Amino acid sequence: MRFVVGALLGLVACYSPNAPANLPCGEGDACPIGQSCQLGICRVDGEGLPLDGDPSGDGSSGDAQIADAATDAPPCAAGNGICLVACVGTDPDCVTTCGDDRCVGNAGELCGTTCPGDCASTATICGNAMCQAGESPDCFADCGPTPWTWAAEEQLLITLINNARTGGTACPNMGSVTRPALAVDPTLSNAAREWAWEIAHHDYYQAGAGCSGRTLAQRKIDGSFGGWQLGYGHATAQIAFNSWMASATACPIVMTANSTRMSVSVAFATEKAYVLVID
């Protein structure tokens, strides 16, 4: 077990055998068993596509119609400098070479692993692990899947955290304390999910700093949060939570008396990531 504190990073070499949905795929690419390639994304068979005009995929748009893959597929126009997930393998703009000063995240160039020389930049480029204005949902590499795949795991982690706070918990080397539940603040969600996706997809897990070169201080300002807690590699949200509560440094962060709101994010890709931001 390895820990890094500012919040905690714990590594457990354990993976779920179930392949996650919503990974990018190209024309003719195979998806994991039980999934099929729809508009450049591996989706669970029978799940269907998100509704037109409803990027959340929750059906909240009353007049929405099911997207037609033949008519709604994004254009793969050569020469526009844009590489959409659905165009990988067919669009010349998706062809790139590491070291050419051009980062193409949807084609596999990432700042945390495959090509930091091209992608480790805070400029608005797809592949720097920062989900910047105008990138979602076309930059899967930085923004992750739409709709988000791990809402159930996130809700479990939220429940575990607030149950520990309201039910009373004794952190290691401390007496039992009871705290009010933290309110889930949607305005913190983007920061939490972006951070979780950077750990999970870009395989980058430093104590706060981003692989783009963004500092922890900048991340906190951008995300409007003060405290944070990270975990990676844990097989489930329950195991990640148990690791936090067993740590003399992580547990007091979860049980802090100085915060009132939080957001939690979970993401599975190359790594499994768990992020708590609080304020």
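This text follows the structure it describes.
My aim in this report is to walk through the structure given alongside it, one point at a time. Source: prediction; values computed, not measured. (Residues numbered from 1 in each chain as written. Predicted model: local features only at pLDDT ≥ 70, side-chain atom pairs only at ≥ 80, totals over all residues. Heavy atoms only, no water.)

## Focus on the packing of aromatic side chains
Aromatic ring pairs are reported here in terms of the distance separating the ring centres and the angle at which the planes meet.
Okay, step 1: Overall, the coordinates contain nine aromatic pairs when judged by the stated rule.
Okay, step 2: Centroid distance Trp195 to Trp228: 5.4 Å. Interplanar angle 45°. Geometry classified as tilted. Of this pair, Trp195 sits in helix α5 (residues 189-201) while Trp228 sits in strand β6 (residues 227-232), and the two are 33 residues apart along the sequence.
Okay, step 3: Judged by its relative accessible area of 1%, Trp195 falls in the buried class.
Okay, step 4: For Trp228, a relative accessible area of 5% gives the class buried.
Okay, step 5: With 3.9 Å between their ring centres and 20° between their planes, Tyr205 and Tyr232 make a pair best called stacked. One end of the pair, Tyr205, is in the loop between α5 and α6 (216-223); the other, Tyr232, is in strand β6, and 27 residues separate them in sequence.
Okay, step 6: By relative accessible area, Tyr232 is classed as buried at 2%.
Okay, step 7: The rings of Phe140, Trp148, Trp150, Trp197, Phe268 and Tyr274 are connected pair by pair, giving a single aromatic cluster.
Okay, step 8: Taking NZ or CZ as reference, Arg219 lies 4.3 Å from the ring centre of Trp195, over its face.
Okay, step 9: Across the ring face of Phe268, the terminal group of Lys272 is positioned such that the distance to the ring centre comes to 4.8 Å. (Phe/Tyr/Trp six-rings, centres within 6.5 Å; stacked < 30°, edge-to-face > 60°. Helix = DSSP H or I, 4+ residues; strand = E, 2+ residues; numbered from the N terminus. Buried < 20%, exposed > 50% of the residue type's maximum accessible area, 1.4 Å probe, protein only. Lys NZ or Arg CZ within 6 Å of the ring centre and 35° of its normal.)

## A short note on the pattern of salt bridges
Okay, step 1: Taken as a whole and assessed by the stated rule, the structure comprises six salt bridges.
Okay, step 2: The partner of Asp185 in a salt bridge is Arg261, with the nearest N and O atoms 2.5 Å apart. In this pair, Asp185 sits in the loop between β5 (183-184) and α5 while Arg261 sits in strand β7 (residues 261-268), placing the two residues 76 residues apart along the sequence. For the pair formed by Asp185 and Arg261, the shared burial category is buried.
Okay, step 3: A salt bridge links Arg219 to Glu198, with the shortest nitrogen-to-oxygen separation between them at 2.9 Å. You can see Arg219 sitting in helix α6 and its partner Glu198 sitting in helix α5, a full 21 residues away along the chain.
Okay, step 4: Arg219 sits in the buried class, given a relative accessible area of 2%.
Okay, step 5: Bridged by salt links that share partners, the residues Asp185, Arg261 and Asp279 form one connected network. (Salt bridge = Lys/Arg side-chain N within 4 Å of Asp/Glu carboxyl O.)

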